[in-house]
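A look at the structure
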Amino acid sequence: AALTSLTVTGATVLTIADHATSNTKLATINASAFTGDLTLSDAVASLGQTITSGAGNDSLVFGANLTNADTVDGGGNTALSTGVMGTDSLSATVTGATATTGALSIANAEVIDLTNNGTAVIDGTAITGTSTINLFASSDTTTFSNLGTSASIGLGKTAVADQVIEIGRAHV
């Protein structure tokens with residue numbers, strides 16, 4: 001439980017699963033020099049984490065642990081075998097996020113998948129380098145504020161109940 005930082009280097013595909021369970025003090029994951037595709041499957045709930053990935057097409061899975069205390073940078077990307085540029089993705093459940101805890105700091109994650117099954121407030125002031133934000137929800141109210149003008153929002157409904165989305169773009 002004493003591991004506080006992890007540096008990842010190399011160029012292969014790497015999956016790090018369940019790192020938060022036995023490393024509750026892991027505050028920094030620096031994979032900025034890693035050029036392979038990285039998958040991080042969870043995050044530490046009890047502290048803010050700084051996670052930086054490298055040039056691969058990375059997948060960062062936060063579960064219900066993404067808050068304003070976390071700082072995430074998806075880094076760059078590599079071209080797929082089809083020649084199309086790859087993407088970094090981040091997923092998290094944001095149910096219960098407030099104007100404070102929902103002030104997310106995410107850079108260079110081209111696709112962000114958020115799940116809300118209640119009420120959530122997301123402040124996008126510090127969300128940069130994102131082209132798509134997908135919202136998956138059942139019966140809920142989600143408020144987005146200060147989103148950049150380049151991000152599109154996709155909606156996915158998981159139940160027949162009403163879904164309320166409020167969107168506020170950043171003033172340019």
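Starting afresh in each chain, residues are numbered from 1 along the sequence in its written order. Note on the predicted model: pLDDT of at least 70 is required for a residue's local features to be given, and 80 or more for side-chain atom pairs to be given and counted; whole-chain, interface and lining totals, by contrast, use all residues. The side-chain quantities take in all heavy atoms of the structure and omit both hydrogens and water.

Overview of the overall build of the protein chain
Short version of the rule: Segments assigned H or I by DSSP are reported as helices when at least four residues long, segments assigned E as strands when at least two residues long, and all are numbered from the N terminus. Buried, partly exposed and exposed residues are distinguished by accessible area as a fraction of the type maximum, computed with a 1.4 Å probe on protein chains only: under 20%, between the cut-offs, and over 50%, respectively. Contacts are assigned to residue pairs that have any heavy atoms within 4.5 Å of one another. With residues, only the protein chains shown are counted as cover, and all accessible areas are computed by Shrake-Rupley using a 1.4 Å probe.
Along the protein chain, the regular secondary structure elements total zero helices and 15 strands. Here the protein chain, with 172 residues, has 37% of them falling under the buried criterion. Look at the contacts in the protein chain between residues 6 or more apart in sequence, and 24% of them connect residues 24 or more apart. Total accessible area on the protein chain is roughly 7900 Å²; 56% of this is exposed by carbon and sulfur atoms.

Here we look at the pairing of strand β8 (residues 89–93)
Worth spelling out the cut-off: In this description, strands pair whenever DSSP reports at least two bridges between them.
Where burial is concerned, the two faces of β8 differ: the one with Leu 90 and Ala 92 is buried and the one with Ser 89, Ser 91 and Thr 93 is not. Bridge count for strand β6 (residues 59–61) against β8 is three bridges, and the pairing is parallel. Note on β8: the bridge partner recorded for Val 61 is Ser 91. Here five bridges tie β8 to strand β10 (residues 111–116), and the two strands are oriented parallel to one another. When the sheet's bridge partners are listed, Ser 89 is paired in β10 with Val 111.

Things to note about the pairing of β10
Pairing analysis gives six bridges linking β10 to strand β12 (residues 132–137), with the strands arranged parallel. Bridging from a neighbouring strand, Thr 115 pairs with Phe 136 of β12.

Overview of the environment of Thr 7
With respect to the helices and strands, the residue Thr 7 is situated in strand β1 (residues 5–7). Along the sequence, Thr 7 and Ala 31 sit 24 residues apart, while their C-alpha atoms lie 5.8 Å from each other.

Describing the nonpolar core
Just so we agree on the cut-off: Nonpolar cores are built from buried Ala, Val, Leu, Ile, Met, Phe, Trp, Tyr and Cys residues. Side-chain atoms within 4.5 Å join them into one set.
Counting residues in hydrophobic clusters, the biggest one holds 32 residues, and the most contacted among them are Phe 62, Leu 66, Leu 90, Ile 106, Ile 112, Leu 114 and Ile 122. Those elements that place two or more of their residues in this core are β4 (38–40), β8, β9 (103–107), β10, β11 (119–128), β12 and β13 (140–147). Setting aside anything within four residues of it in sequence, one finds Ile 112 in contact with Leu 90, Ile 106, Ile 127, Thr 130, Thr 132, Ile 133 and Asn 134.

Side note on the side chain of Asp 123
Mapped onto the fold, Asp 123 is located in strand β11. Once you skip the residues sitting within four places of it in the chain, Asp 123 turns out to touch Gly 102, Ala 103, Leu 104, Ser 145 and Asn 146.

A few points about the side chain of Asn 116
Our working definition: Here a polar contact is recorded for every N or O atom pair within 3.5 Å, except that within protein the pair must consist of a potential hydrogen donor and a potential acceptor, and residues adjacent in sequence are included only if both atoms are side-chain atoms.
Secondary-structure assignment places Asn 116 in strand β10. Here the side chain of Asn 116 touches Thr 95 through a polar contact of 3.4 Å, side chain to side chain. Looking at Asn 116, its side chain comes within polar contact range of the main-chain nitrogen of Gly 118, at 3.0 Å.

A few points about unusual backbone geometry
The residue Asn 108 is not glycine, and still its phi comes out positive at about 60°. Within the secondary structure, Asn 108 is located in the loop between β9 and β10. Since its relative accessible area comes to 27%, Asn 108 is described here as partly exposed. Backbone geometry at Asn 146 places phi at a positive 60°, although glycine is not the residue there. With respect to the element layout, Asn 146 can be found in strand β13.

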